[in-house]
Amino acid sequence: MKAAVLNKPLDIEVKEVPIPEIQADQVLIKVHCIGICGSDVHYYEHGKIGRYEVKEPIILGHEMAGDIVAVGDSVRNLTVGERVAVEPGVTCGRCDYCKEGRYNLCPDVVFMATPPVDGAWAEYVAVRSDFVFPLPDGMSYETGALLEPFSVGMHAMNRGKVKPSDRMLITGLGPIGLLTIQAARLYGVKEIYATDVVPFRLELAKKLGVTAVIDPSKESLAERLEQLTAGKGMDVSIETSGNPRAVQDVLTVTRRGGRIVLVGLPAAEEIGIDITHLVDSEYDVHGLFRYVNTYPAAIQGLSDQEMNIEQIVTHQYSLDQIEEAVEKARIEKDTSIKIMIYPDRSLLNS
């Protein structure tokens, strides 16, 4: 099969590699489409994220949907021909975290495209069957692939104990921030404020139905929200950018007793925050690591077709064009949001 292999930073090429052989509890999936994630771009550009380092050639990609073409001998929940989405982090199922229902914290997770584990920028991929989810007839493959980043937004809703009556701030309008808007709408939130410094992304947030957008590089976020909410402040703030200033901003504009969910990772390991203000305000501050138990709920919530999360897909490329696609994601952040890859060129724009 064809696969896009990252040899070293800034060196990626499409090669012929063996089709994976499935184990008894796995299915073989023909990849229909797969998104480019910010982590893929980071590995491509820098060769590492935190303690995970590309030390040998690796196949990237983990946001995917496709068709089952073979099933292992012990698989009973899936059949050949089903259209499916894939949750890319396969956990052990035996540790304390898995048994507590927080399997996203499993220390033995095998996550696609996290070194040294290969991902799915390829024609086929093998996945354990309990991490594979059938798509409803009316749901596109593209929406199926976007369930992975959308799940981050859903997990943020759960971590923040979000209610329909909440006033919400979302800082950062990359793919995760934009999909967090959609997740908030799915949870019934009506009053959503969003920030970014890129006009293209602010305009897309407007199309997604936010109450107002704010460019913090051009005006004071605190003053603008003061005007927009008559001084009431945010009930819940979700920070997706990793920008140190944005982290400090959410600690300023969230009302006392409010909830803060930190999703984005700053480039620096440490940033300064006002601990006195945090304690005095009695904030509930939550970290977020990927997602847990979101795929069935996401599929159900998006299956009525009233919400179109595909609006964040700005570009489509074939797998043969992977270098051009990743370079666009790396360099043209002002005009690209989510780039979708198709191993079968004939499926482009289908």
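Residues numbered from 1 in each chain as written. Predicted model: local features only at pLDDT ≥ 70, side-chain atom pairs only at ≥ 80, totals over all residues. Heavy atoms only, no water.

1. Structural notes on the sheet that holds strand S1 (residues 2-8)
Okay, step 1: Here 3 strands make up an open sheet; going across it, the order is S2-S1-S6 and the pairing antiparallel. The open sheet has two edge strands with one neighbour each: strand S2 (11-16) and strand S6 (58-59).
Okay, step 2: The pairing of S1 with S6 spans 2 bridges and is classified as antiparallel. Bridging from a neighbouring strand, Val5 pairs with Ile59 of S6. (Pairing = 2+ DSSP bridges. Helix = DSSP H or I, 4+ residues; strand = E, 2+ residues; numbered from the N terminus.)

2. A closer look at helix H9 (residues 295-302)
Okay, step 1: Among all positions of H9, only Tyr295, Ala298, Ile299, Gly301 and Leu302 are buried. End-on view of H9: buried residues confined to an arc of 165°, all on one side of the axis.
Okay, step 2: For H9, the secondary structure elements touched by its buried residues are strand S8 (83-86), strand S12 (132-134), helix H3 (141-159) and helix H4 (175-186). (Buried < 20%, exposed > 50% of the residue type's maximum accessible area, 1.4 Å probe, protein only. Arc of directions from axis to C-beta. Contact = heavy atoms within 4.5 Å.)

3. Side note on helix H5 (residues 199-207)
It helps to recall that an α-helix has 3.6 residues per turn; residues three or four apart then point in one direction.
Okay, step 1: Listed as buried for H5 are Arg201, Leu202, Leu204 and Ala205. Along the axis of H5, the buried positions cluster into a sector of 160°, meaning they face one direction only. Away from the buried face of H5 by more than 90 degrees, exposed residues Pro199 and Lys207 are located.
Okay, step 2: Where H5 is buried, its residues touch H4, strand S14 (191-195) and strand S15 (212-214).
Okay, step 3: Gly209 sits one or two positions beyond H5 and adopts a positive phi of about 100°.

4. Some remarks on unusual backbone geometry
Okay, step 1: The linkage connecting Pro115 with the following residue, Pro116, adopts the cis geometry, with an omega of 5°.
Okay, step 2: Within the element layout of this structure, Pro116 appears in the loop between strand S10 (110-111) and strand S11 (124-128).
Okay, step 3: Here Ala113, not a glycine, exhibits a phi torsion of approximately 65°, which is positive.
Okay, step 4: Mapped onto the secondary structure, Ala113 falls in the loop between S10 and S11.
Okay, step 5: Look at Asn293: it is not a glycine, yet its phi comes out positive at around 55°.
Okay, step 6: You can see Asn293 is positioned in the loop between strand S18 (284-287) and H9.
Okay, step 7: Note on Asn293: relative accessible area 49%, which makes it partly exposed.

5. Re the domain arrangement of the protein chain
Okay, step 1: If you check the domain split of the protein chain, you get domain 1 (2-140 + 310-347) and domain 2 (152-287).
Okay, step 2: A separation of 29 Å is found between the C-alpha centroids of domain 1 and domain 2.
Okay, step 3: Each side of the interface is counted separately: domain 1 has 11 residues, and domain 2 has 13 residues.
Okay, step 4: A combined buried area of about 910 Å² lies between domain 1 and domain 2, and 64% of that area is made up of carbon and sulfur atoms.
Okay, step 5: Contact with domain 2 buries surface across domain 1, with Gln311, Ile312 and Ile337 losing the most and accounting together for 58% of the total.
Okay, step 6: Linking domain 1 with domain 2 are 0 salt bridges, by the criterion used here.
Okay, step 7: One can count 2 residue pairs in polar contact (both at pLDDT 80 or more) joining domain 1 with domain 2.
Okay, step 8: Its residues assigned to classes, the side of domain 1 that touches domain 2 comprises 2 nonpolar, 5 polar and 4 charged. (Domains from an automatic or database assignment. Buried area = accessible area lost by both parts, 1.4 Å probe. Salt bridge = Lys/Arg side-chain N within 4 Å of Asp/Glu carboxyl O. Polar contact = N/O pair within 3.5 Å; in protein donor to acceptor, adjacent residues only side chain to side chain. Nonpolar A, V, L, I, M, F, W, Y, C, P; charged D, E, K, R; others polar.)

6. Concerning the pairing of strand S19 (residues 313-318)
Consecutive residues of a regular strand have side chains that alternate between opposite faces of the sheet.
Okay, step 1: Bridge count between S19 and strand S20 (residues 338-342): 5 bridges; the pairing is parallel. Bridge pairing in S20 links Val313 to Lys338.
Okay, step 2: Where the polypeptide runs from S19 across helix H10 (residues 322-331) and back to S20, its parallel neighbour, the crossover connection is right-handed. (Right-handed = clockwise from strand over helix to strand, strands pointing away.)

7. Thoughts on the packing of aromatic side chains
Okay, step 1: For the coordinates displayed, the defined rule picks out 3 aromatic pairs.
Okay, step 2: Ring geometry for Tyr291 versus Tyr295: centroids 6.1 Å apart, planes at 50°, classification tilted. Tyr295 shares its class with Tyr291; the two are buried.
Okay, step 3: Aromatic rings pair up to connect Phe133, Tyr291 and Tyr295 into one cluster. (Phe/Tyr/Trp six-rings, centres within 6.5 Å; stacked < 30°, edge-to-face > 60°.)

8. Some thoughts on a nonpolar patch on the surface
Okay, step 1: A grouping of Ile273, Ile275 and Val279 is seen on the molecular surface, where their side chains present a nonpolar patch of about 270 Å² in accessible area.
Okay, step 2: Along the polypeptide, Ile273 turns up in the loop between strand S17 (254-262) and helix H8 (275-280). (Patch = residues over 30% accessible without salt bridge, like charges linked within 9 Å, V, L, I, M, F, W, Y side chains within 5 Å. Areas by Shrake-Rupley, 256 points an atom, 1.4 Å probe, with all protein chains shown as cover.)

9. Observations concerning the sheet that holds S18
Okay, step 1: Strand order in the open sheet formed by 6 strands is S15-S14-S13-S16-S17-S18, and the pairing between neighbours is parallel. Looking at which strands have only one partner, the edges of the open sheet turn out to be S15 and S18. Strand-to-strand, the axes of this sheet are offset by a mean angle of 20°, without reference to chain direction.
Okay, step 2: When strand S16 (residues 234-239) meets S17, the two strands line up parallel, connected through 5 bridges. Within S17, the residue paired with Val236 across the bridge is Arg259.
Okay, step 3: Running at roughly 150° to S17, helix H7 (residues 244-253) makes contact with strand S13 (167-171), S16 and S17 of the sheet. (Axes fitted to C-alpha atoms, helices over the stretch in contact; angles between N-to-C directions.)

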